[in-house]
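Notes for the structure review
Residue strings, one per chain:
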Amino acid sequence: MDPFSLSTLLAAAAVAGWVDAVVGGGGLLLLPALLVAAPGVPVATALGTNKLAAIAGTGTAAVTYARRTKIDWRVAGPSAGLAVVASGVGAALAGAVPAQAYRPVVLVVLLSVALFVLVRPNLGVLSRPERRTRGRVVVAVAVAGVGIALYDGLIGPGTGTFLVVAFTALVGADFLHGSAMAKLVNAGTNLGALVVFGLTGHVWWLLGAAMAVCNIAGAVVGARMALRRGSGFVRVVLLVVVLALVAKLGYDQWSG
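Now for a description of the structure that goes with this document.

The rules we used
- Residues numbered from 1 in each chain as written.
- Predicted model: local features only at pLDDT ≥ 70, side-chain atom pairs only at ≥ 80, totals over all residues.
- Heavy atoms only, no water.
- Core = buried A, V, L, I, M, F, W, Y, C linked by side-chain atoms within 4.5 Å.
- Buried < 20%, exposed > 50% of the residue type's maximum accessible area, 1.4 Å probe, protein only.
- Helix = DSSP H or I, 4+ residues; strand = E, 2+ residues; numbered from the N terminus.
- Contact = heavy atoms within 4.5 Å.
- Phe/Tyr/Trp six-rings, centres within 6.5 Å; stacked < 30°, edge-to-face > 60°.
- Lys NZ or Arg CZ within 6 Å of the ring centre and 35° of its normal.
- Polar contact = N/O pair within 3.5 Å; in protein donor to acceptor, adjacent residues only side chain to side chain.
- Axes fitted to C-alpha atoms, helices over the stretch in contact; angles between N-to-C directions.
- Parallel < 35°, antiparallel > 145°, perpendicular 65-115°, else oblique.
- Left-handed = near helix turned anticlockwise from the far one by under 90°.
- Patch = residues over 30% accessible without salt bridge, like charges linked within 9 Å, V, L, I, M, F, W, Y side chains within 5 Å.
- Areas by Shrake-Rupley, 256 points an atom, 1.4 Å probe, with all protein chains shown as cover.
- Salt bridge = Lys/Arg side-chain N within 4 Å of Asp/Glu carboxyl O.
- Lys, Arg positive; Asp, Glu negative; His and termini not counted.
- Charge placed at Lys NZ, Arg CZ, Asp CG, Glu CD.
- Expected span 1.5 Å × (residues − 1).
- Nonpolar A, V, L, I, M, F, W, Y, C, P; charged D, E, K, R; others polar.

**Some thoughts on the nonpolar core**
Val23, Tyr65, Phe167 and Leu238 are the most contacted members of the largest nonpolar core, which totals 56 residues. In terms of residues, this core owes the most to one element, helix H10 (residues 231-255), which gives 10 residues. Setting aside residues no more than four positions away along its own chain, Val23 makes contact with Gly160, Thr161, Val164, Ser179, Lys183, Val234, Val237, Leu238 and Val241. One finds Ala13, Ala37, Leu47 and Leu194 within the second-largest nonpolar core, a separate group that totals 25 residues.

Shown next, in the form of structure tokens:
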């Protein structure tokens, strides 16, 4: 890999770390950058190398959030534990589902998320603890720890965003605390997928380690900015990331 491609990739890793720390969706930047910087790289290898960088960033962001804000471990703990297993299953199945099959579904889900956030301007602005009933907690754990985690291992982009919206809508977290819980679960999904990709030889460890350092730097800045600016800032970034994901997946769908 030439120096320009490498430096561009490392810069993309730093920006992706910032995006992931605030609201998720850093894979939108890092995966395409990796595929462009290393033409011909197998998709599974790109996913595995991305997971090595991503787990460093999300893990750092999770620690930063945990130190400076209150996390609902009743929701985040079981979700993160299940996520390791479900994401590993998804990673084992990666490549079995053609992109043409999942893109329309993900596009519809993302558009629904954008509309849901737009038509409910108060969503995520304030915490709604009365929504944290036992039934809603069980549903949130199942959706985040199984459904979204499986998606992350299988496909990936937008996982953190889906987690934030799930915790906000299902258990009444505000966007800041929803993002904090999302980082813990996302670290679990990255770990499960990384183990599988690593065992099957689909990780470029040296490149992934270099990307991880930059991802950590971006994650520290992003987490501290989100904590300082609050839920309103996270909401704006969430909408921008969702719309960017829609544009990217829409382009991939209709240009291919």
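**Examining the side chain of Thr45**
Counting through the fold element by element, Thr45 comes out in helix H3 (residues 43-68). What makes Thr45 buried here is its relative accessible area of 4%. In this structure, Thr45 is in contact with His202 and Trp204, ignoring residues within four places of it in sequence.

**A closer look at the packing of aromatic side chains**
Applying the stated rule across the entire model yields 2 aromatic pairs. Taking the centre distance of 6.2 Å and the plane angle of 80° together, the rings of Trp18 and Phe233 count as edge-to-face. With Trp18 in helix H1 (residues 3-22) and Phe233 in helix H10, the pair connects residues that are 215 residues apart, well separated along the chain. The side chain of Arg229 reaches across the aromatic face of Phe233, ending 5.3 Å from its centre.

**Some thoughts on the side chain of Thr69**
Along the polypeptide, Thr69 turns up in the loop between H3 and helix H4 (73-92). Among the polar contacts listed, one links the side chain of Thr69 to the side chain of His177, at a separation of 2.9 Å. Excluding residues within four positions of it along the chain, Thr69 makes contact with His177, Ala180 and Leu227.

**What about the packing of helix H2 (residues 27-37) against H3?**
Close contact between H2 and H3 brings their axes to 10 Å; oriented N to C, the two are set at 130°. Considering the angle they form, H2 stands oblique to H3. Note on packing geometry: the crossing formed by H2 with H3 is right-handed. Each of Leu30, Leu31, Leu34 and Leu35 in H2 lies in contact with H3, whose residues at this interface are Ala46, Leu47, Thr49, Asn50 and Ala53.

**Looking at a nonpolar patch on the surface**
Residues Val85, Val89, Leu93 and Leu150 make up a contiguous nonpolar surface patch of about 330 Å² in total accessible area. Tracing the backbone shows Val85 in helix H4.

**Observations concerning a positive patch on the surface**
A contiguous patch of positive charge, built from Arg68, Arg224, Arg228 and Arg229, is present on the exposed surface. Counting residues per element, the positive patch draws most heavily on helix H9 (residues 205-229), at 3 residues. Of note, Arg229 is situated in helix H9. On the basis of relative accessible area, Arg229 is assigned to the exposed category, the value being 53%.

**Describing helix H8 (residues 175-199)**
One full turn of an α-helix is made of 3.6 residues, so residues set three or four places apart face in the same direction. End to end, H8 covers 35 Å across 25 residues, agreeing with the expected 36 Å (1.5 Å per residue, within 8%). Counting buried residues in H8 gives 20 out of 25 residues, a clear majority hidden from the surface. Capping of H8 at its N-terminal end is provided by Asp174; its side-chain oxygen lies 3.1 Å from the backbone amide nitrogen of Leu176.

**Topic: the packing of helix H6 (residues 134-154) against H8**
The interhelical angle for the contact between H6 and H8, taken along N-to-C directions, is 45°, at an axis separation of 10 Å. As judged from the angle between their axes, H6 and H8 are oblique. Considering only the axes of H6 and H8, their crossing is right-handed. Here Ala144, Ala149, Asp152 and Gly153 of H6 lie close against H8, whose contacting residues are Val185, Asn186, Thr189, Asn190, Ala193 and Phe197. Residue composition of the contact of H6 with H8, grouped by class: 5 nonpolar, 4 polar and 1 charged.

**Some details on the pattern of salt bridges**
Applying the stated rule across the entire model yields 3 salt bridges. Residue Glu130 pairs with Arg128 through a salt bridge whose shortest N-O separation is 2.5 Å. A residue is classified by how much of its surface remains accessible, and Arg128, at 38% relative accessible area, is partly exposed.

**Things to note about the environment of Ser79**
Following the sequence through the fold, Ser79 ends up in helix H4. Taking the relative accessible area as the measure of exposure, Ser79 reaches 0% and is therefore buried. Between the C-alpha atoms of Ser79 and Gly250, which are 171 residues apart in sequence, the distance is 30 Å. Residue contacts for Ser79: discarding those within four places in its chain leaves Ala140, Val141, Ala144, Gly145, Phe167 and Val185.

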